[in-house]
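The chain contents come next:
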Amino acid sequence: MTKNMMIKAVSDFFAEKGVESMDLVEYKSYGSDVPVKDYLLKRYFGSWNRVLSVVKNRFPVSVVAPVVEKPKVAPKKEVKVEKKNAK
């Protein structure tokens, strides 16, 4: 697996998880679900920060926030109040 293939796989993984980047601890927490082991990335790129910067420059991940629809509010019922004439 070449460096470019590793970075593409990591970028796709970030996009799948819906994040632009993640720290090393969070990446390791996915266990065997990650496409490339962290020690291989650190071996080829030197540090986790370098991995993140290469991902950002070569294959940027654009995360679009999901559109949340506002709940429809029922119209308020008008209550008629009769006033009594005080005499």
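## Let's talk about the confidence of the model for the protein chain
Scored by pLDDT, the protein chain comes out at a mean of 84, with 91% of its residues at no less than 70. Across the protein chain, the secondary-structure element scoring lowest on mean pLDDT is helix H1 (residues 3–17), at 91, and the one scoring highest is helix H2 (residues 24–29), at 93.

## Topic: the pattern of salt bridges
Tallied over the full model, the rule gives two salt bridges. The residue lysine 28 makes a salt bridge to aspartate 38 at a minimum N-O spacing of 3.7 Å. With lysine 28 in helix H2 and aspartate 38 in helix H3 (residues 38–45), this residue pair connects regions lying 10 residues apart in the sequence.

## Focus on helix H4 (residues 48–58)
Here H4 has its buried residues at Trp48, Val51, Leu52, Val54 and Val55. The buried residues of H4 occupy an angular sector of 165° when the element is viewed end-on, so they sit on one face. Away from the buried face of H4 by more than 90 degrees, exposed residues Asn49, Lys56 and Asn57 are located.

## Description of the nonpolar core
Val10, Phe14, Tyr27, Val36, Leu41, Trp48 and Val51 are the most contacted members of the largest nonpolar core, which has 19 residues in total. For this core, the secondary structure elements donating two or more residues are H1, H2, H3 and H4. Top contributing element to this core by residue count: H1, with six residues.

## Describing the packing of H1 against H4
Packing of H1 against H4 brings their axes to within 10 Å, and their N-to-C directions diverge by 80°. As far as their axial angle goes, H4 and H1 are roughly perpendicular. Across the interface between the two elements, Asn4, Ile7, Val10, Ser11 and Phe14 from H1 touch Trp48, Val51, Leu52, Val54, Val55 and Arg58 from H4. The class makeup of the residues in the contact of H1 with H4 is eight nonpolar, two polar and one charged.

## Quick notes on the packing of aromatic side chains
Scanning the entire structure with this criterion turns up four aromatic pairs. Measuring from centroid to centroid gives 5.8 Å for phenylalanine 13 and tyrosine 27, while their planes differ by 85°, and the two rings are edge-to-face. Separated by 14 residues along the polypeptide, phenylalanine 13 in helix H1 and tyrosine 27 in helix H2 bring together distant segments of the chain. Assigned by exposure class, phenylalanine 13 and tyrosine 27 land together as buried.

Rules of the game
Residues numbered from 1 in each chain as written. Predicted model: local features only at pLDDT ≥ 70, side-chain atom pairs only at ≥ 80, totals over all residues. Heavy atoms only, no water. pLDDT = per-residue confidence, 0-100. Helix = DSSP H or I, 4+ residues; strand = E, 2+ residues; numbered from the N terminus. Salt bridge = Lys/Arg side-chain N within 4 Å of Asp/Glu carboxyl O. Buried < 20%, exposed > 50% of the residue type's maximum accessible area, 1.4 Å probe, protein only. Arc of directions from axis to C-beta. Core = buried A, V, L, I, M, F, W, Y, C linked by side-chain atoms within 4.5 Å. Axes fitted to C-alpha atoms, helices over the stretch in contact; angles between N-to-C directions. Parallel < 35°, antiparallel > 145°, perpendicular 65-115°, else oblique. Contact = heavy atoms within 4.5 Å. Nonpolar A, V, L, I, M, F, W, Y, C, P; charged D, E, K, R; others polar. Phe/Tyr/Trp six-rings, centres within 6.5 Å; stacked < 30°, edge-to-face > 60°.

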